[in-house]
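Residue-level structural notes
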Amino acid sequence: MSTRLDKPWIDLNEAAVRSLPGQLGVYQLSEPNGTIFYIGYAGGRTLFGLRSELERWLKERSGKPAQFRYEVNMQYISRHQELLMLHVADHGELPLANTDVNPHRLGRLHPG
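This one's a predicted model, so the numbers in the text were calculated from it and none came from an experiment.

The subject of this paragraph is the pairing of strand β2 (residues 25–30). When you tally the buried positions in β2, you get six out of six residues, the bulk of the element. The hairpin turn running from β2 into strand β3 (residues 36–42), its antiparallel successor, is five residues long, and Gly 34 in that turn takes a positive phi close to 95°. Bridge count for β2 against strand β4 (residues 67–72) is six bridges, and the pairing is antiparallel. In the strand pairing of β4, Val 26 is matched with Glu 71.

Okay, structure coming up:
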């Protein structure tokens with residue numbers, strides 16, 4: 001399994017979100033140009049898993065285009081941190097909307 005989340009992007013719209021599983025996992029949100037602006041997870045306290053998380057973002061974006069990709073994963077907290085560390089390794093900073101994450105509490109990855 002690749003460390004990176006390399007699945008294809010899906011347009012963030014009602015039909016796509018409605019078809020999502022109600023499972024735990026991680027997801028990335030990006031602008032239409034592919035710039036990732038948020039990396040999140042659907043954890044044990046999320047009512048309908050990935051579907052609920054992305055419904056929330058669909059409402060928050062209210063018509064602004066975005067895309068997402070996701071991975072069903074029971075180790076969602078570890079995987080979330082791994083994706084954040086990869087983003088910092090690649091771009092030098094967290095995604096813009098990840099203001100809830102303290103970058104000093106993340107480990108460091110040096111992907112090859």
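A few words now on the pattern of salt bridges. If you walk through the whole model with that rule in mind, you get seven salt bridges. One salt bridge connects Glu 31 with Arg 61, and the closest N-O pair in it is separated by 3.2 Å. With Glu 31 in the loop between β2 and β3 and Arg 61 in helix α2 (residues 49–61), this pair connects stretches of sequence that are 30 residues apart. Exposure remark for Arg 61: the relative accessible area of 10% places this residue in the buried category. Of the charged contacts, one joins Arg 79 and Glu 71 as a salt bridge, the two residues approaching to 2.8 Å between their closest N and O atoms.

On the basis of which strands lie adjacent, the open sheet formed by four strands has the order β1-β4-β2-β3 and antiparallel pairing. On the outer flanks of this sheet lie β1 (10–11) and β3, each paired with one strand and no other. Across six bridges, β2 lies against β3 in antiparallel orientation. If you follow Gly 25 over to β3, its bridge partner there is Ala 42. Across the sheet, α2 lies against β2, β3 and β4, angled at about 20° from β2, the strand it touches most. Against the sheet, helix α3 (residues 76–91) makes contact with β2, β3 and β4, and its axis sits at roughly 165° relative to β3, the strand it touches most.

Moving on, we get to unusual backbone geometry. Notably, Ser 62 is not glycine yet its phi reads approximately 30°, a positive angle. Topologically, Ser 62 is positioned in the loop between α2 and β4. By relative accessible area, Ser 62 is classed as exposed at 57%.

Here Thr 3 shows up in the segment before β1. Assessed through its relative accessible area of 35%, Thr 3 is described here as partly exposed. Between the alpha carbons of Thr 3 and Leu 29 there is a distance of 17 Å; along the sequence they are 26 residues apart. Among residues more than four places away in sequence, those in contact with Thr 3 are Arg 79, Glu 82, Leu 83 and Leu 86.

Looking at where Glu 53 falls in the secondary structure, it is placed in helix α2. With relative accessibility at 14%, the residue Glu 53 sits in the buried group. A polar contact of 2.9 Å, which involves the side chain of Glu 53, links it to the side chain of Arg 56.

Cut-offs and rules
- Residues numbered from 1 in each chain as written.
- Predicted model: local features only at pLDDT ≥ 70, side-chain atom pairs only at ≥ 80, totals over all residues.
- Heavy atoms only, no water.
- Buried < 20%, exposed > 50% of the residue type's maximum accessible area, 1.4 Å probe, protein only.
- Helix = DSSP H or I, 4+ residues; strand = E, 2+ residues; numbered from the N terminus.
- Pairing = 2+ DSSP bridges.
- Salt bridge = Lys/Arg side-chain N within 4 Å of Asp/Glu carboxyl O.
- Contact = heavy atoms within 4.5 Å.
- Axes fitted to C-alpha atoms, helices over the stretch in contact; angles between N-to-C directions.
- Polar contact = N/O pair within 3.5 Å; in protein donor to acceptor, adjacent residues only side chain to side chain.

Geometric descriptors of this kind do not, in isolation, establish any biological role.
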